[in-house]
Amino acid sequence: MKPIGLSLHITLPVIAIATFAIAFNGYLNYAKFQKHLIQVEMSRMKFSVDDIRANLENGLRLGLPVKAIANAQEVITFASRKDSSILSIDVLDHTGTPIFKAGQGAGLGSAPKNWRASVIKKQKTLEILAPDSFLLVAPLLGITEDFSGALAVRYSRDLHDETMREVFKALVPVISAAIILSILIGAFGVHLLVSKAVRKIGVIEHSLELGSMENSDTSVTGKADGTVQPALAAARLAIQEIRETEKALVQQ
Amino acid sequence: MTLIRKQLYVVAARSFFVFMLLLMLVSQAGVSISSWPGIKGKLVPELDRKALSISVSLSTKIARALDYGVPLEELYGVEIFFDEVLGQTEGISYLALSKLDGNILVSRGIDSRGLQQGLSASLSEITSTLGVPAIITVASETGNPSASRSYRNTAVKVLQQEEIDKALIHVGFDPDYSERKVSDLKYDVVIVLFASLLIGFEILLALLTGNFIGPLKAAANRIERMARGDFSNPAKSSSGGIAARLNARLDRITERINETYSSMIDIARGLPQSRVQSAVAALESIGERLRIRQEADASDNAKDVVRVRILTFIFMFASMLSRPFLPVYLGEIADQSSTLSPELSSSIPITAYLASMALCMPYAARWSDTYGRRNSYMLGALLMAGGLLGTALAGNFWVLVVSRVIEGVGYALMFMSCQGYVVDNTNAENRSRGIATFVSAIMVSEVCAPAVGGVLADSMGFSGVLAVAALLSVFALPLAWKILAVNGNASNRKENSKDAYAGGTSLLRNSRFMAISIFAAIPAKILLSGFLIFLTPVVLANFGSSNSEIGRFAIVYGVIALLAMPLFSMIGDRYQCHFPLVIAGGLISGICLLPIALEPSSRMVLLGIVGLGLGQAMSISSQLTLISRSVETINGHENASSALGLFRLIERIGGALGPVIAGIIALRMGPVSAISILGFVMVSSTIFCLLITIWLRKRDERIAR
């Protein structure tokens, strides 16, 4: 194999590994930041949802069903006006039927099918990052802490997407530069190392050529690379021994 | 290391490794270091929004109280209310209610004197930028100026009857909060960096072994043989590749010797009949000594076992990727479709996997011997990929159990194929080294796979990671096709493997063998699978650890085992203290699991993992040595390898039982108590093993007298 062939054979996977590692590192930075951002965003939204929920549960704790909460529409309308990032608020009864509604949009459209079972079972707010919005579904608990209904609040994810776009834009040049540099340095470095290795092997090959049995002149083989001297000496000795035996056989 | 090896490939290969690892290290560190400051800054606006939401909400609530006519100074329960809010919202350092002149009425989460000074100093800025954070400096309680800290203070007014300014609500965020959030990212990046270096090393090793080290090592072997006066021919001299010209030169030298030898034979044939016999004897003597026109020894033609390292690494990596979250994931699925308790439901699929793996190992070995390493490895890879994919997509508990069984069978096939390859290509002299190469690939994947799996699970979900693991198994197929291509079926081992368990019944009557198997090996494996694989993820998830954090915990076991195992192995051999090591290992791993009963925390789980790593490192190789010895000394006729085979089967059954036992205890007493109980069982059984062995020794001495 020629040095260039071997270089390519080693360089391509080396570059592939390095590129994959850099890209993975970049992805990790992006995904982890998104995770932390979502955590902070969800915790802010959950705080607001808990506020609305507490207002609604005041009525439920009096033993009223969801549809009988007199101020429910007022509470959710006020909340949706106060926070411009809220797209819609739905108050649902225990069967999951929307009773009160504020704002526009898909309501529970992006919630998983089993949202009700999940909310009832876990008795805590379901937090979903849907493709078009953040959706928080909180259980509304009645007088005996039982599931009396749910509050579904959809928040816009425009700010989130904008932040993530900025992070992406910040990461892409860094990652691209790192990949390009790695490719260049990797290719150049591997080629240098391969050339050096091939040169060394070439010296040994050359020594074996000089020392091969076509040329038994020890003044020539003496110049051979030290590492192959014992092998060459053994080969010479073997030939010599065979020839001497040959001579002895003929003379007999 | 001979000079020729150094010259030909050792120095060059080392340079390749150093260069490649440096390239990966520098490039990844560069990406992380240059992107972190920007990323960190992007969290701050969201934190400010959160502070504003909280301050507006608190202001509304207090305004409502004021609207009822309660005077500001006489508001009751604000402290409790603030404490509740602080407890519920991560990242907030303090909450405060102050008069309009900045005098604090209530503050929680911070020293009020320090905050008062800070507010007073920055009041004009705060009041002029209401709703927007202002940086304030708060002195420490001790008054030490160097210990003062800066906070982002977001203030809003409290309005009575929606128009009269009455007070200010202050919400303080520690700016270091985003720093702390990003440091979690730093841990992950360091873990991924470490793992990618190990993975890069494995891939480069495979690459260089095939294209560079392997052919040159073969040439170096040949040159060394020639130097010893051995001119035998390699079974297959490489016609291409890096060593092609070198081999051609060596071929010419060998050919020249062969030609000279042949001409001598011709001369001998031409001699008178009476002299032919003595001439032939002289020729044979030379030919035999110089090994002219002979094939090189099988060991010289054997494949480099390093080639199978990458295959071992890939399947182990694929199987261990899911370790940090598997019980939690299984629990989630089982939760939806199983009628059993969550603890049992999540342990059964793990047990099914370990049991199918343990029970299939003997058959997998035989299958691999009969049908070839490549076929069995590839079948194993397909089964494993199917099992992993089934686990990823399963929505039903029983589908999940079947998927795990299939994965276990795949694992057994791949494991035995790789181990078989090592056995095929080594002899008595270098088998230990070959096995060490195989084991080190397992250990490397043990170190990096759980950590990478945890990090991936945080960003792509459990099913995503399982799908990646399935893809990895499929990726192993073409590699196995290439690497295991020319490796023949070890048909002669078919009989050996048949015999492997033949002596089982007499081994089961060997008291020493059984004492070590039952009271040391089985509890150790129960602990490994029950604690590390099953309970650790469950308990850490209950403590609120993320998948990445659980992965980081799991990595500790691999690192300790990787570092300590060779050390204890050496100590055991040098001081012949294998039995004390088994006892010490059992006690350490058991005792380290006890303190969690007193302090249920992640720290104590970590202590348990460290203890388990150390304990297993002490006892694993010593157990094997003791088993071999007990069989050799008591049942001299028994085959030591068949004893080891049976021992492996017994301990793997222990491994399979681990999750179920842990699950049953966790069901009754909770997962934290289950850890302590497993530790107690380990300590008790180790003491029992010690007592039985002492008794057996005394009995043997009595019989000998």
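Check the entry above for the structure.
Values in this document were obtained by computation on a predicted structure and should not be read as measured data.

Participant: Got a sec to walk through helix 2 (residues 78-88) of chain B? Specific residues and values, please.
Facilitator: Residue and element names in this part refer to chain B. When helix 2 is considered as a whole, its buried residues turn out to be V78, F82, V85 and L86. Down the axis of helix 2, the buried set is contained in an arc of 100°. They therefore lie on one face. Opposite its buried face, helix 2 presents the exposed residues I80, G87 and Q88, each directed more than 90 degrees away.

Participant: Give me the lowdown on the packing of helix 8 (residues 309-320) of chain B against helix 12 (residues 397-424) of chain B, citing residues and values where you can.
Facilitator: Residue and element names in this part refer to chain B. Close contact between helix 8 and helix 12 brings their axes to 10 Å; oriented N to C, the two are set at 160°. Between helix 8 and helix 12, the angle is such that the two are roughly antiparallel. Considering how the two elements wind past one another, helix 8 and helix 12 form a crossing that is left-handed. Here L311, T312, F315, M316 and S319 of helix 8 come into contact with helix 12, specifically with E407, Y411, M414, F415 and C418.

Participant: Give me the pattern of salt bridges: which residues, what numbers.
Facilitator: It is possible for side chains bearing opposite charge to pair when their charged atoms get close. In the structure shown here, the tally under the stated rule is 29 salt bridges over all chains. With its nearest N and O atoms 3.0 Å apart, the salt bridge here joins R108 of chain B to D83 of chain B. Placement of R108 of chain B in strand 2 (residues 104-108) and of D83 of chain B in helix 2 is noted, with a sequence separation of 25 residues between them. For R108 of chain B, a relative accessible area of 28% gives the class partly exposed. Exposure remark for D83 of chain B: the relative accessible area of 34% places this residue in the partly exposed category. As a salt-bridge pair, R291 of chain B and D230 of chain B come within 3.3 Å of each other at their nearest N and O atoms. Highlighted residues: R291 of chain B in the loop between helix 6 (273-290) and helix 7 (298-301) and D230 of chain B in the loop between helix 4 (176-227) and helix 5 (244-269), separated in sequence by 61 residues. Under the relative-accessibility criterion, R291 of chain B is labelled buried at 16%. Connected through salt bridges with shared partners, the residues R44 of chain A together with E46 and R49 of chain B form a single ionic network.

Participant: Describe a nonpolar patch on the surface, listing the residues and the values that go with them.
Facilitator: All names here are of chain A. A contiguous nonpolar patch, built from I180, L181, L184 and I185 and spanning about 390 Å² of accessible area, is present on the exposed surface. Relative to the helices and strands, L184 is located in helix 4 (residues 158-211). The class for L184 is exposed, based on a relative accessible area of 54%.

Participant: Tell me about the sheet that holds strand 3 (residues 126-129) of chain A, and please be specific about residues and values.
Facilitator: Strand-to-strand pairing in sheets goes through backbone hydrogen bonds, with the strands running parallel or antiparallel. All names here are of chain A. Pairing is antiparallel across the open sheet formed by five strands, whose spatial order is 2-1-5-4-3. Either end of the sheet is taken by a strand with one partner, and the two such strands are strand 2 (98-103) and strand 3. On average, each strand axis in the sheet is inclined to that of its neighbour by 15°, with strand direction left out of account. Two strands pair when backbone bridges link them, and strand 1 (residues 86-93) and strand 5 (residues 147-156) are joined in this way by seven bridges, in the antiparallel orientation. The residue of strand 5 that forms the bridge with I86 is Y155. Of the strands in this sheet, strand 1, strand 2 and strand 5 touch helix 2 (residues 72-82), which is tilted by about 30° from strand 2.

Participant: Describe in detail the pairing of strand 5 (residues 164-173) of chain B, supporting the description with residues and values.
Facilitator: All names here are of chain B. Buried residues dominate strand 5, accounting for seven of its ten residues. Where strand 1 (residues 92-99) and strand 5 come together, seven bridges link them in antiparallel fashion. Bridge pairing links L97 to I169 in strand 5. Inspection of the sheet shows strand 4 (residues 149-160) paired to strand 5 by nine bridges, in the antiparallel sense. Looking at strand 5, one finds that A155 is bridged to H170. Counting the residues between successive antiparallel strands, the hairpin from strand 4 to strand 5 contains three residues, one of them, Q161, with a positive phi of roughly 50°.

Calculation notes
- Residues numbered from 1 in each chain as written.
- Chains lettered and ligands numbered in written order.
- Predicted model: local features only at pLDDT ≥ 70, side-chain atom pairs only at ≥ 80, totals over all residues.
- Heavy atoms only, no water.
- Buried < 20%, exposed > 50% of the residue type's maximum accessible area, 1.4 Å probe, protein only.
- Helix = DSSP H or I, 4+ residues; strand = E, 2+ residues; numbered from the N terminus.
- Arc of directions from axis to C-beta.
- Axes fitted to C-alpha atoms, helices over the stretch in contact; angles between N-to-C directions.
- Parallel < 35°, antiparallel > 145°, perpendicular 65-115°, else oblique.
- Left-handed = near helix turned anticlockwise from the far one by under 90°.
- Contact = heavy atoms within 4.5 Å.
- Salt bridge = Lys/Arg side-chain N within 4 Å of Asp/Glu carboxyl O.
- Patch = residues over 30% accessible without salt bridge, like charges linked within 9 Å, V, L, I, M, F, W, Y side chains within 5 Å.
- Areas by Shrake-Rupley, 256 points an atom, 1.4 Å probe, with all protein chains shown as cover.
- Pairing = 2+ DSSP bridges.

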